[in-house]
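# Topology and contacts: notes
For reference, the chains in residue letters:
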Amino acid sequence: MKLLQLPPAELRRQLATCGVWLRTGPFSLRVQSRIPSVAEGLAKFYGQFEVRSVHEVFADFHVAVNPPASLRHCLRPQATFSFDGIQPLKPLPRGQAFTMLEQGLNWCVSTQAHHYLILNAAVVEKNGFVAVLPALPGSGKSTLTAGLVLSGWRLLADELTLIDRKTGAIHALPRPICLENESIPLIHALNPDAFLSPPSRDTTEGPIAYMRPPKESVRRQHEPAHPGWLVFPKWVAEGEAELRPRSKQQSFQFLTQQAINYSQLGAEGFRVCTGLIEQTDCYDFQYSQLDEAVAVFDRLAASTTTSTLDHEDARAC
Amino acid sequence: MINAARLCLGLANPMQLGHFSEADWDITLRQARAAGLLATLYYAALGASQLDQLPERVRAQLGAARHVADRHKGVIRWEVEAIHHVLDRIGVPMIVLKGAAYVVAGLEASQGRIFGDIDILVPHGALTDVERVLGRTGWVQEDRSTYNDRYYRQWMHEIPARRHAQRGTVLDVHHNILPLTARNKPRAQALWDAALPVSGFNDLYVLAPEDMLLHSAAHLFLNGEFEHGLRDLNDFRRLGWQFADAPQFWHSLKKRAETLDLVQTLAYAVRYANRLLDARIPEAGMPGLSPPETWLMDPILSRGLQPNHASARDLWTPAALFGLYVRGHYLRMPLHLLVPHLLYKGTLAKFNEQALHDANQEKLAQFRAFLGK
């Protein structure tokens, strides 16, 4: 059953009491919250994800977003995230309760799911062309990801890329895309029908909004994919979209820095990163106009077959 | 009542793990995580050839934890070598204690274990030199309040903890296994006389098996904090099973407990290891081992030794934990020191220590800058 099939009153009731069982990518969650905006956020952004009955007994992560148990709460309402009784993150203002849940779920995956190598990267796919987009904050990765997804690309990940340590395949976790600051009006302009949350403004880093993952991406979330391209995006104020080959050695170094659990995995992390670099072509991608960037990617996907790649430059090693 | 029964069963008798239901696994994994026993469960299942019987989601979680634990072992080994290198240069011998010793000695109890701090024991007379050389090689004392300094140096069996400014590892340097003020008085020299050298290193030792087991019991039952009580009790069980191969081991263990004034402590450890973890330690092999006041300690310790998880607590758990906390301090300090200490820790300490913590963070940052980091 999908979450959107739960009547809103029933969703709120389950959430406030025993919690809702929900599956996102490879992880099952038991989410509990007495804060109404969390129920609203789940209904808007997780509608296509699978839910099961309250009697479902096993969940990978038992999480809760609730007001803190302190008198201070009366003066400054807050939302806290707890993972099975532990509160690993600082509370946020109550108006950002849904953001608290998203951050908390990222924390759970990053600190528990060491059966994967976890990269801070986005992954998109079209016509079998699978591009991993690792990037520093502010590089425009999420904006590019959102633009591609709105143009028919499959979303496999926005923040956390899960790489199976044994097979090197990417396991999808197509949760809502997190957009910040100027990205929000950019995405609205690209597609006014894009489903975005109203930006939350009481953050220290500027407005944040979430974009709902496409229905088709959620439907295919259990199909793993093998990465073909490693593209390092960078948004610039002016200039044409440009794709340039990048050395594998340099890419490897950057990749290990973007691997969230690299130090926990040790030699195994090195091995998986090596495997990833060996099976992908590495590029820097610079863009200033989102529609132009999408067009470049669309051309690459259209020209991609399983055996040849139609681009000017040879693979850089 | 409160229950970590499935977790304890899984540890004590891992052949049963393949029969656990999904509901069993949901609660067992969460309790194991809270108790620091996820990776231990992995190895228990592996040893009993049960891994393939487990649901895929369970195997994934256990496997993830095990991977982190294995990596951690390598880090611990490296750290012990680094510390030994520093002390060997000034000719100070060192005994590795607790978890780091299990790793260095390649004991079964090291499998799946995550260890927080590194604990070592050095001669009491060498403490000043040891502190000086540790300070010069990046090991910074974290809490420098006058009170904490006096607490550790005058009363306790260890100096204040030091953290490596670059690597973040915490090192506890002991000169005995129990405080100077404690009611039990094991002699440090007896530990040194029986200590076993670690091959390949000069002046690096681990405790003799009997002493290692007794230290494990002392650490658990003469301490006030039971955050990892079940894990430590499981260590006791695993060490005991490995050492029990030696002939007459239990007999020599009892005699050693008498020498080190730890008979009651051993009695508690054996009782609860047998009752909670089915350790099957032959109490008949250690006549006269009779833990006192079990009418009181059974309900308290059966709560104190549960994982720190909501599913394993009841209404009496907070009172039991508080009682154990006070008891732990009572056993380490005479009353005329204990009462003011508890008052201080409950009140003034919070204000003083926050200010000092901030000052220390600044010092650590300066040290890192000096190293060009």
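Residues numbered from 1 in each chain as written. Chains lettered and ligands numbered in written order. Predicted model: local features only at pLDDT ≥ 70, side-chain atom pairs only at ≥ 80, totals over all residues. Heavy atoms only, no water.

### Comments concerning the sheet that holds strand β4 (residues 162-164) of chain B
All names here are of chain B.
- Strand order in the open sheet made by the seven strands is β3-β4-β5-β2-β1-β7-β6, with mixed pairing throughout. Edge positions in the sheet fall to β3 (139-141) and β6 (196-197), since each of these pairs with one other strand and no more.
- Relative to strand β7 (residues 204-206), strand β1 (residues 94-97) runs parallel, the two being bridged by three bridges. Following the sheet pairing, Ile 95 is matched in β7 by Tyr 205.
- The sheet strands contacting helix α4 (residues 56-88) are β1, β2 (118-121), β3, β5 (170-174) and β7, and the helix crosses β2 at an angle near 35 degrees.
- Each of β3, β4 and β5 touches helix α6 (residues 127-136); the most contacted strand, β5, lies at about 165 degrees to it. (Pairing = 2+ DSSP bridges. Helix = DSSP H or I, 4+ residues; strand = E, 2+ residues; numbered from the N terminus. Contact = heavy atoms within 4.5 Å. Axes fitted to C-alpha atoms, helices over the stretch in contact; angles between N-to-C directions.)

### A few points about the confidence of the model for chain B
All names here are of chain B.
- With 82% of its residues at a pLDDT of 70 or more, chain B shows a mean pLDDT of 84.
- Below a pLDDT of 50 lies the segment residues 363-373, which in the model reaches nine contacts outside its immediate sequence neighbourhood of four places, other chains included.
- Quick note on the complex model: pTM equals 0.87, ipTM equals 0.88. (pLDDT = per-residue confidence, 0-100.)

### Focus on the sheet that holds strand β2 (residues 27-33) of chain A
All names here are of chain A.
- Read across the sheet, six strands follow the order β3-β1-β2-β4-β5-β6 without closing on themselves; strand pairing throughout is mixed. This sheet does not close on itself; its edge strands, each paired only once, are β3 (50-52) and β6 (92-93).
- Sheet topology places β2 next to strand β4 (residues 61-66); five bridges connect them, and they run parallel. For Val 31, the partnering residue across the bridge sits in β4 and is Val 63.

### So, the layout of surface pockets
Residue and element names in this part refer to chain A.
- Approximately 1,100 Å³ is the volume found for the second largest pocket.
- If you trace the second largest pocket, you find 42 residues lining it, with Pro 137, Ser 142, Glu 159, Cys 178 and Glu 180 closest to the centre.
- Elements that contribute at least two residues to the lining of the second largest pocket include exactly β6, α3 (97-112), α4 (141-150), β12 (177-180), α5 (183-190) and β13 (208-211).
- Partitioned by chemical class, the residues of the lining of the second largest pocket number 18 nonpolar, 15 polar and nine charged. (1 Å grid on protein atoms, 1.4 Å probe; cavity = no way out; pocket = protein on both sides within 12 Å on 5 of 7 lines; lining within 4 Å. Points joined across faces, edges and corners; volume = space filled by probe spheres on them. Nonpolar A, V, L, I, M, F, W, Y, C, P; charged D, E, K, R; others polar.)

### Re the interface of chain B and chain A
- Contacts between the two partners involve 16 residues from chain B, matched on the other side by 19 residues from chain A.
- Summing both sides of the interface, chain B and chain A together bury roughly 1,600 Å²; the carbon and sulfur share of this comes to 51%.
- Looking only at chain B, the three residues that lose the most surface to chain A are Arg 33, Arg 57 and His 67 of chain B, adding up to 35% of its buried area.
- In this structure, the connection of chain B to chain A is made through two salt bridges.
- In this structure, Asp 84 of chain A and Arg 30 of chain B form a salt bridge, with 2.9 Å as the shortest nitrogen-oxygen distance.
- Joining chain B to chain A, the criterion identifies 12 residue pairs in polar contact (both at pLDDT 80 or more).
- Those elements giving two or more residues to the side of chain B that touches chain A turn out to be α2 (22-35) and α4 of chain B. (Buried area = accessible area lost by both parts, 1.4 Å probe. Salt bridge = Lys/Arg side-chain N within 4 Å of Asp/Glu carboxyl O. Polar contact = N/O pair within 3.5 Å; in protein donor to acceptor, adjacent residues only side chain to side chain.)

### Details of the side chain of Asp 235 of chain B
- Note that Asp 235 of chain B resides in helix α10 (residues 229-243).
- Beyond its immediate stretch of four places on either side in the chain, Asp 235 of chain B contacts Tyr 102, Ala 109, Arg 113 and Ser 216 of chain B.

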